[in-house]
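# Summary of the model geometry
Chain by chain, the residues run as shown.
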Amino acid sequence: MRRRLTIEVKRIYEAPARSDGCRILVDRIWPRGISKDAAKLDAWLKDAAPSAELRSWFGHDPAKWASFKRKYFRELRRQDGIVEQLADAARGKTITLLFAAKDELHNNAVALKEYLDGQLGTRGERR
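Residues numbered from 1 in each chain as written. Predicted model: local features only at pLDDT ≥ 70, side-chain atom pairs only at ≥ 80, totals over all residues. Heavy atoms only, no water.

### Digging into helix 3 (residues 65–78)
- Relative to the 20 Å expected for 14 residues at 1.5 Å per residue, helix 3 spans 20 Å between its end C-alpha atoms, a close match to the ideal helical length.
- The set of residues buried in helix 3 consists of W65, F68, K69, Y72, F73, E75 and L76. Axial view of helix 3: buried residues confined to an arc of 160 degrees, hence all on one face. Relative to its buried face, helix 3 has exposed residues pointing more than 90 degrees away, namely R77 and R78. (Helix = DSSP H or I, 4+ residues; strand = E, 2+ residues; numbered from the N terminus. Expected span 1.5 Å × (residues − 1). Buried < 20%, exposed > 50% of the residue type's maximum accessible area, 1.4 Å probe, protein only. Arc of directions from axis to C-beta.)

See below:
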């Protein structure tokens, strides 16, 4: 039986914590104002981020959230191995998906967590 993973979501600007487990940046663009040393990343999976076109269309508009998620999930389904890459990166630890957006409820990391929860049967919460 496969060990259940815990997936968390956190802004990259929040201080790293030991409880973060495997810290994975899931934005396509490097976040402003943070050094790679300060980020304490285990991985940067640009391919897990939405396309530039989808990101631009969404613009973090909460009114487009449901449509954004549908379109993003469609993109994720076309990405070979994204789910496996994230699961492998965790190696049985907690995964913390890191994002830079100011909107903590409507961003690609929150959507990605929802997608992964459905695909992997994971658990965890946004901090």
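There's more to say after this.
### Concerning the layout of surface pockets
- The computed volume of the largest pocket comes to approximately 390 Å³.
- Lining the largest pocket are 19 residues, and of these D27, I29, R55, A100 and A101 lie nearest its centre.
- Of the residues contributing to the lining of the largest pocket, the split by class is 12 nonpolar, 3 polar and 4 charged. (1 Å grid on protein atoms, 1.4 Å probe; cavity = no way out; pocket = protein on both sides within 12 Å on 5 of 7 lines; lining within 4 Å. Points joined across faces, edges and corners; volume = space filled by probe spheres on them. Nonpolar A, V, L, I, M, F, W, Y, C, P; charged D, E, K, R; others polar.)

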